[in-house]
Amino acid sequence: MLRPNRKDRLHAFDIKNNFLTVLLLTAVFFAGFIISLNLKIPGAVSYILCWGISYLILFMGTCRNCVYYGRKCPIPLEGSCVSYFFKKGENQFGYISLLWATIAYIFRVCIPVYIIFTEQMITFGAFYFFMLAMFWIVHLCFTGCPNCVNYQCPLNPEQEN
Ligand code: SF4
């Protein structure tokens, strides 16, 4: 598996470490919200609910087992908020944790993606997918994983390629 090279070892992230990630995830959230308004109020409410559920899935399946539990991690509102909802787990972080994270992100994008394809929203849809791709590229290759101290994670630079 291709992993980024190590840049730093950050035991907590602040806004100067992950500003671009925060900006891109915020853009993804609001772009998705605007797209969901195509289904009027039910679309917007379902979208917000899906984001809420996605955080619970992430907290339960991923963040409670991460070394950033209770600390600011590369992604906003995750490691810093999990302790309000779940007790710390066993620190067993692996592919299953990434699977839960993937499920959480499917919740976040399912409504906008459904609307983009059914309504054939080419321009705004392209913008949405571009922002989503940029978010993951920046997180995985530049601001998040290269600085992360969750050495058990399969995407961490510390893992053998
Ligand atoms: S290596 Fe990357 S994906 Fe894994 S916990 Fe760290 S920041 Fe998250």
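Coordinates for the structure precede this section.
The paragraphs below set out a description of the structure included in this document. (Residues numbered from 1 in each chain as written. Predicted model: local features only at pLDDT ≥ 70, side-chain atom pairs only at ≥ 80, totals over all residues.)

### Regarding the overall build of the protein chain
Within the protein chain, the regular secondary structure consists of 4 helices and 0 strands. In the protein chain, the order of α-helices and β-strands from amino to carboxyl end is α-α-α-α. In terms of C-alpha radius of gyration, the protein chain reaches 16 Å, essentially the compact-globule figure of 15 Å for 161 residues. Across its three principal directions, the C-alpha atoms of the protein chain cover 45 × 30 × 30 Å. By sequence separation, contacts in the protein chain at least 24 residues apart represent 74% of the contacts at least 6 residues apart. (Helix = DSSP H or I, 4+ residues; strand = E, 2+ residues; numbered from the N terminus. Rg over C-alpha atoms; globule rule 2.2 N^0.38 Å. Contact = placed C-beta atoms within 7 Å.)

### Observations regarding the site of the ligand
All residues in the neighbourhood of the ligand are listed as Cys-66, Pro-74, Gly-144, Cys-145, Cys-148, Asn-150, Cys-153, Leu-155 and Asn-156. Partitioned by chemical class, the residues of the shell around the ligand number 6 nonpolar, 3 polar and no charged. (Near = placed C-beta within 6 Å. Nonpolar A, V, L, I, M, F, W, Y, C, P; charged D, E, K, R; others polar.)

### Re helix H2 (residues 40-61)
In a regular helix each residue adds 1.5 Å, so 22 residues correspond to 32 Å; H2 covers 32 Å between its end C-alpha atoms and thus fits that length. By the burial criterion, the buried members of H2 are Tyr-47, Ile-57, Leu-58, Phe-59 and Gly-61. On its buried face, H2 is in contact with helix H1 (15-36) and helix H3 (95-118). (Expected span 1.5 Å × (residues − 1). Buried ≥ 20, exposed ≤ 12 C-beta atoms within 10 Å, placed from the backbone.)

### Focus on the nonpolar core
By size, the foremost hydrophobic cluster in this structure holds 29 residues, and its most contacted members are Leu-58, Cys-63 and Cys-66. Of all elements in the fold, only H1, H2, H3 and helix H4 (122-143) reach the threshold of two or more residues within this core. By residue number, the principal contributor to this core is H3, which donates 5 residues. Non-local contacts of Cys-66, meaning those with residues more than four positions away in its chain, are made with Cys-73, Gly-79, Phe-93 and Asn-150. (Core = buried A, V, L, I, M, F, W, Y, C linked by C-beta atoms within 7 Å.)

### Comments concerning the packing of H1 against H3
At a minimum axis distance of 9 Å, the contact between H1 and H3 shows a crossing angle of 50°. Between H1 and H3, the interaxial angle falls into the category oblique. Considering how the two elements wind past one another, H1 and H3 form a crossing that is left-handed. Between H1 and H3, the contacting residues are Gly-32, Ile-35 and Ser-36 on the first element and Val-109, Ile-111, Pro-112, Ile-115 and Ile-116 on the second. Its residues assigned to classes, the contact of H1 with H3 shows 6 nonpolar, 2 polar and no charged. (Axes fitted to C-alpha atoms, helices over the stretch in contact; angles between N-to-C directions. Parallel < 35°, antiparallel > 145°, perpendicular 65-115°, else oblique. Left-handed = near helix turned anticlockwise from the far one by under 90°.)

### Focus on the environment of Cys-66
The topology assignment puts Cys-66 in the loop between H2 and H3. The exposure class assigned to Cys-66 is buried, which follows from the 26 C-beta atoms found within 10 Å.

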